[in-house]
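# Observations on the three-dimensional arrangement
So the chains spell out like this:
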Amino acid sequence: MSQSFPQRRARMEYVCMNCGHRHPVDQLLYTCPDCGGVLLLEDLDFDEMKEKGAQYWRDLFDARRATRTTALRGIFRFYELMAPVLEEEDIVYLGEGDTPIIEASAALQKHVGRRFAYKNDGMNPSASFKDRGMAGAYSYLKSLVRKNGWDEVLTICASTGDTSAAAAMYGAYVGDPIRTVVLLPHGKVTPAQLAQPLGSGAQVLEVPGVFDDCMKVVEYLADHYRVALLNSKNSWRVLGQESYAYEAAQWYDWKMGDKALFMPIGNAGNITSMISACLKMFRLGIIEELPHIVGVQTHHADPVWRYYSQPRESRVYETVKVKPSVAQAAMIGAPVSFPRVKNLVDKYEALGGRFDVVQVTEQSIMDSMILVNRFGNIACTQGGESFAGMLKAQVLGLLRNDEFCILDSTAHALKFAGFQNMYFEDSFPAEYGVKARPELVNHPRLLLTADERAAMPAEDFTRAAAEAVAQARRRGVAVYNETCPQYLFLNGDDNRHSDEPWRYILQPPLRKLEDNAGLCQAVKSGDVDMIITDHCAYTRQQKENAPTGTPGGLPGLETLLVLTAAIPDMTWCDVARVLAENPARIYGL
């Protein structure tokens, strides 16, 4: 064990959310052996941590952001708050956790009239938040394999896509004696999500129906055979997902009283972990105020919203039959973690915390995803659900004016590019209830046909394409031009190139002298919006000695400002426009 790995070990137990009975953590349990209720993990020695004081823990967790100890680089940066029974050798780290919180662009915040940010959990290694839970579940499973000497372990999960990708990836990394099987609802996951577990070598089984049908199968297997269930019924997965809230608090220097955290609710494991983590930090004084937590559900799968929308004294929980949803991770009508949510929300509200659930439409989810990504985000459909939830909460008067909203984008937008394409093509099946808004639709525009391109010399094609772009701009199309300094001052007609031809190999190739003048004029007139440089990383030796395929670019090009200013008739205001003002406007900086 490395010297920097925590020394603290604690006693932990499973606690049943139904009957309250407790069970040791030296065996795989998903439900209470006595009554079948779902479980949460509890650190019996947690209060001992209060002796060191809140500032000690803040400083320790802050210092670990720079650790070189691999086991503490991911979610287990917060080891003492999560799983102080695991040994360093058991912890699995694949780069999960520590995902960035990116404040929305000024233009988007002005558009909605509120300050907010996205926590981009799509930047986890399998491109979703499920990696947090899998790191927790597989680390615990490794410890059991080591202690019991098991020579074969079958892991299994039901999934709407992201769980299977994470389970398969972590299972493939850990390797023997673990084998991974995933159950997917046939035809209900995106091609990108299906490709991930297949690529990791998992056995993928498809079941007719929806996620809830798959879940019934894996629950039966977990109850009757020795298999490791990896859905959020697994308490160690919920524990791993607590890291999301710890990171959010740390990002804002542990000040959470003016924050509203928005989280989509699917199987309810993620919202469970968020509430649990905030309660732990509050108990230790790491955060001095509890944040406002807002769960979001689509109207096609909304059992938790239905429960909390009823008067407190007459609430009755009922599962629902789901309809197709673009927020596929949330398309669950019987969330297994609801008893956990109810238990923790009662404690949260008793301590003065605010908890709300809002319902949003499928139309608002897709509109939101398209809109926020138009302003430079990478939100998935669940990220669109969070944004739609913020707008709904704002309309309902649930948000204070001073609350800063942190929205969860649970996966990467690329996983749901198919839904974006369906929106742009206005081709959603009727059961989704989604129609494209014309102002949000985007399509590629063909500037020249292939036949027109083939008939032109390279220099003529360059001028024709530039003119086509200029015409499109005059029609109001949002299209932009950029160039690099070398194309303004170097050309293929210059005889000086003959002694060092390797130096001037560029992509696109250099054009003619007259094109230099044409580009300079286009910069001056505003038809070229930006002058940029790729700061070519190749040295002179690399370019000169490359055996094949000489690298393109100009080595040592660090004179962007000077070259731009050398364009004939350029003023310093023009220089500022093409180097700073236009890029800031176009990219929403």
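To be clear, the structure that these remarks concern was listed above.
In this report, we go over the structure that sits alongside the text. (Residues numbered from 1 in each chain as written. Predicted model: local features only at pLDDT ≥ 70, side-chain atom pairs only at ≥ 80, totals over all residues. Heavy atoms only, no water.)

### As for the overall build of the protein chain
Operational definition: Numbered from the N terminus, helices here are DSSP runs of H or I no shorter than four residues, and strands are runs of E no shorter than two. Atoms considered for the radius of gyration are the C-alpha atoms alone. The globule rule reads 2.2 Å times the number of residues to the power 0.38. Per-residue accessibility, obtained with a 1.4 Å probe over protein chains only, is compared with the maximum for each type, and a residue is labelled buried under 20%, exposed over 50%, and partly exposed between these values. Contacts were defined at the residue level, with two residues in contact if any of their heavy atoms lie within 4.5 Å. What sets the accessible areas is the Shrake-Rupley method with a 1.4 Å probe; for residues, cover comes only from the shown protein chains. In this count, Lys and Arg are taken as positive residues and Asp and Glu as negative ones, while His and the chain termini are left out. One atom stands in for each charge, and that atom is NZ of Lys, CZ of Arg, CG of Asp or CD of Glu.
A count of helical and extended segments in the protein chain gives 22 helices and 15 strands. Here the C-alpha radius of gyration of the protein chain, 28 Å, is about what a compact globule of 589 residues would show, namely 25 Å. If one aligns the C-alpha atoms of the protein chain with their principal axes, the spans along those axes are about 85 × 55 × 50 Å. Buried residues in the protein chain amount to 54% of all 589 residues. A separation threshold of at least 6 residues defines the contact pool for the protein chain, and within that pool the share at least 24 residues apart is 71%. When the accessible surface of the protein chain is totalled, it reaches about 26,100 Å², and 52% of it is carbon and sulfur. Between the averaged position of the 61 positive side-chain charges in the protein chain and that of its 72 negative side-chain charges there is a distance of 2 Å.

### Points about the sheet that holds strand E7 (residues 178–185)
Worth spelling out the cut-off: In this analysis, strands are considered paired if DSSP registers two or more bridges between them. Each axis is a line fitted through C-alpha atoms, taken for helices only over the stretch in contact, and angles between the N-to-C directions span 0 to 180 degrees.
Taken together, the four strands give an open sheet; going across it, the order is E8-E7-E6-E9, and neighbouring strands pair in parallel fashion. Looking along the sheet, the strands with just one partner apiece sit at the ends: strand E8 (203–207) and strand E9 (227–229). On average, adjacent strands in this sheet sit at an angle of 25 degrees to one another, irrespective of strand direction. Where strand E6 (residues 153–158) and E7 come together, six bridges link them in parallel fashion. In the sheet register, Val153 faces E7, and the bridge partner there is Ile178. Sheet strands touched by helix H6 (residues 191–199): E7 and E8. Its angle to E8, the strand with the most contacts, is close to 140 degrees. The strands touched by helix H7 (residues 211–224) are E6, E7, E8 and E9; relative to E6, the strand with the most contacts, the crossing angle is about 155 degrees.

### So, helix H22 (residues 572–586)
Test applied: A helix's residues, less one, multiplied by 1.5 Å, set its expected span. We define the bend at each residue as the angle formed by axes fitted to the 7 residues ending at it and the 7 residues starting at it.
For H22, with 15 residues, the first-to-last C-alpha span of 20 Å sits near the 21 Å given by 1.5 Å per residue. The largest bend in H22 amounts to roughly 40 degrees and is located at Val578. Along H22, the residues that are buried comprise Asp574, Val575, Arg577, Val578, Asn582, Pro583 and Ile586. After H22 finishes, the residue Gly588 shows a positive phi value of roughly 65 degrees.

### Section: the pairing of strand E13 (residues 404–409)
Counting buried positions along E13 gives six out of six residues, so the element sits mostly inside the fold. The side-chain alternation of E13 yields two buried faces, one formed by Phe404, Ile406 and Asp408 and the other by Cys405, Leu407 and Ser409. Summarising the sheet, strand E5 (residues 116–120) and E13 pair through five bridges and their orientation is parallel. Pairing of Ala117 across the sheet is with Ile406, part of E13.

### Notes on the packing of aromatic side chains
Heads up, the condition is: Centre distance within 6.5 Å is the pairing criterion for rings of Phe, Tyr and Trp, where only the six-membered ring of Trp is used; planes under 30 degrees apart are then read as stacked, over 60 as edge-to-face, and the remainder as tilted. Definition used: whenever NZ (Lys) or CZ (Arg) falls within 6 Å of the ring centre and also within 35 degrees of the ring normal, the charge is taken to sit over that ring.
Summed over all chains, the structure comprises 21 aromatic pairs. Between Phe61 and Trp254 the ring centres are 6.4 Å apart and the planes differ by 45 degrees, which places this aromatic pair in the tilted class. Residue Phe61 is located in helix H1 (residues 54–63), and its partner Trp254 is located in the loop between helix H9 (243–251) and strand E10 (259–264); the two are separated by 193 residues in the primary sequence. By the burial criterion, Phe61 is buried, and Trp254 matches it. Put simply, the rings of Tyr56, Trp57, Phe61, Phe78, Tyr246 and Trp254 pair up and form one aromatic cluster. The positively charged end of Lys52 is found above the aromatic ring belonging to Tyr56, 4.9 Å away from the centroid.

### Focus: the environment of Phe461
Within the fold, Phe461 resides in helix H17 (residues 458–474). Residues Phe461 and Tyr480, spaced 19 residues apart in sequence, show a C-alpha to C-alpha distance of 18 Å. Apart from residues no more than four positions distant in its own chain, Phe461 is found in contact with Leu448, Arg453 and Met456.

### Here's the deal with empty space enclosed by the protein
To be explicit about the condition: The method works on a 1 Å grid over the protein atoms by themselves. A cavity is a set of points holding a 1.4 Å probe that cannot get out, a pocket is an open set with protein on both sides within 12 Å along at least five of seven lines, and residues with an atom within 4 Å of a point line them. Grid points are joined across faces, edges and corners, and a volume is the space filled by probe spheres set on the points. Residues are sorted three ways: Asp, Glu, Lys and Arg are charged, Ala, Val, Leu, Ile, Met, Phe, Trp, Tyr, Cys and Pro are nonpolar, and all the rest, Gly among them, are polar.
Summed over the entire model, instances satisfying the criterion amount to four cavities of 30 Å³ or more. Its volume calculated, the largest cavity comes out at about 230 Å³. Contributions of two or more residues to the lining of the largest cavity are made by helix H8 (235–241) and helix H10 (269–284). For the lining of the largest cavity, the residue count by class is 10 nonpolar, 12 polar and two charged.

### Looking at the environment of Pro335
Along the polypeptide, Pro335 turns up in the loop between helix H11 (303–308) and helix H12 (338–350). For Pro335, a relative accessible area of 4% gives the class buried. Sequence separation between Pro335 and Met281 is 54 residues, and the spatial gap between their C-alpha atoms is 26 Å. With residues near it in sequence (within four places) discarded, Pro335 still touches Gly266, Asn267, Ala268, Pro303, Val304 and Tyr317.

### Some words on the pattern of salt bridges
Using the following cut-off: Note on definitions: salt bridges are taken to be side-chain nitrogens of Lys or Arg within 4 Å of carboxyl oxygens of Asp or Glu.
Taken as a whole and assessed by the stated rule, the structure comprises 33 salt bridges. The residue Arg11 makes a salt bridge to Asp45 at a minimum N-O spacing of 2.6 Å. You can see Arg11 sitting in the segment before strand E1 (12–16) and its partner Asp45 sitting in the loop between strand E3 (39–43) and H1, a full 34 residues away along the chain. In this structure Asp45 comes out as buried when scored by relative accessible area, which is 10%. One salt-bridge network, in which partners are shared between bridges, spans Lys119, Asp121, Arg132 and Glu247.

### Focus: the sheet that holds E13
Taken together, six strands build an open sheet; the order of strands is E4-E5-E13-E10-E11-E12 and the sheet is mixed. Of all the strands in the sheet, just strand E4 (101–103) and strand E12 (355–360) have a single pairing partner and so form its edges. With strand direction ignored, the average angle separating the axes of adjacent strands in the sheet is 25 degrees. Here E4 pairs with E5 via three bridges, running antiparallel. Each bridged residue has a counterpart across the sheet, and for Ile101 the counterpart in E5 is Lys119.

### Focus on the side chain of Ser368
Secondary-structure assignment places Ser368 in helix H13 (residues 362–374). On the basis of relative accessible area, Ser368 is assigned to the buried category, the value being 4%. Beyond its immediate chain neighbours, meaning those up to four positions away, Ser368 contacts Gly384, Phe387 and Ala388.

### Digging into the packing of H10 against H12
Put simply, the test is: With respect to orientation, any angle under 35 degrees is reported as roughly parallel, any angle over 145 as roughly antiparallel, any angle of 65 to 115 as roughly perpendicular, and every other angle as oblique. When the near helix sits turned anticlockwise from the far one by under a right angle, the crossing is termed left-handed; a clockwise turn instead gives a right-handed crossing.
Remark: H10 packs on H12, axes separated minimally by 9 Å, with the N-to-C direction vectors making an angle of 30 degrees. The orientation of H10 relative to H12 falls into the category roughly parallel. Note that H10 runs across H12; the crossing there is left-handed. Listed contacts from H12 to Ile271, Thr272, Ile275, Ser276, Cys278 and Leu279 of H10 are Arg340, Val341, Leu344, Val345, Lys347 and Tyr348. Residues of the contact of H10 with H12, tallied by class, amount to eight nonpolar, two polar and two charged.

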